[in-house]
Amino acid sequence: MAKYVCDICNWEYDEAAGLPDQGIAPGTKWEELPEDFKCPLCGAPKDMFTQL
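As recorded in an unreviewed UniProt entry, the protein goes by Rubredoxin and comes from [Clostridium] innocuum 2959. Its UniProt record, at the heading Sequence similarities (unreviewed entry), says of the protein: "Belongs to the rubredoxin family."

Shown next as structure tokens:
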């Protein structure tokens, strides 16, 4: 599973962990996140993330 980092604030999305508190189950791939997904820390859009 991959990890993605926000280019603005460096918050990381880990596919293996998901975001259960936001209704995103562990194992949810980046491509499966909604197109309007935003960084929970700074609000950056999905296209502002880079795969690690």
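1. Section: the packing of aromatic side chains
Taken as a whole and judged by the stated rule, the model has seven aromatic pairs. Judged by centre distance (6.2 Å) and plane angle (90°), the rings of Trp11 and Phe49 are edge-to-face. Taken together, the positions of Trp11 in the loop between strand E1 (3-6) and strand E2 (12-14) and Phe49 in strand E3 (residues 49-51) put the pair 38 residues apart, joining distant regions of the chain. Like Trp11, the residue Phe49 is buried in the burial classification. On the basis of an interplanar angle of 55° and a centroid distance of 6.1 Å, the ring pair of Phe37 and Phe49 is categorised as tilted. Within this pair, whereas Phe37 is found in the loop between E2 and E3, its partner Phe49 is found in strand E3, the two being separated by 12 residues in sequence. Judged by its relative accessible area of 6%, Phe37 falls in the buried class. Residue classification places Phe49 among the buried positions, given a relative accessible area of 10%. Joined through ring pairs, the aromatic side chains of Tyr4, Trp11, Tyr13, Trp30, Phe37 and Phe49 make up one cluster. A cation sits over an aromatic face here: Lys46 above Trp30, 5.6 Å from the ring centre.

2. Some thoughts on the nonpolar core
In a soluble, globular protein the nonpolar side chains are often hidden away together inside. Core analysis: the largest hydrophobic core is formed by 13 residues, its most contacted members being Trp11, Tyr13, Trp30, Phe37 and Phe49. In this structure, Tyr13 is in contact with Ala2, Lys3, Tyr4, Gly18, Leu19, Ile24, Thr28, Trp30 and Leu33, ignoring residues within four places of it in sequence.

3. Let's talk about the side chain of Thr28
For Thr28, the location among the structural elements is in the loop between E2 and E3. Classification of Thr28 by relative accessible area gives buried; the value is 15%. There is a polar contact of 2.6 Å between the side chain of Thr28 and the backbone oxygen of Ala25. Among all residues touching Thr28, those that are not within four sequence positions of it are Tyr13, Glu15 and Leu33.

Procedures and definitions
Residues numbered from 1 in each chain as written. Predicted model: local features only at pLDDT ≥ 70, side-chain atom pairs only at ≥ 80, totals over all residues. Heavy atoms only, no water. UniProt positions renumbered as here; feature names shortened; annotations may be inferred. Phe/Tyr/Trp six-rings, centres within 6.5 Å; stacked < 30°, edge-to-face > 60°. Helix = DSSP H or I, 4+ residues; strand = E, 2+ residues; numbered from the N terminus. Buried < 20%, exposed > 50% of the residue type's maximum accessible area, 1.4 Å probe, protein only. Lys NZ or Arg CZ within 6 Å of the ring centre and 35° of its normal. Core = buried A, V, L, I, M, F, W, Y, C linked by side-chain atoms within 4.5 Å. Contact = heavy atoms within 4.5 Å. Polar contact = N/O pair within 3.5 Å; in protein donor to acceptor, adjacent residues only side chain to side chain.

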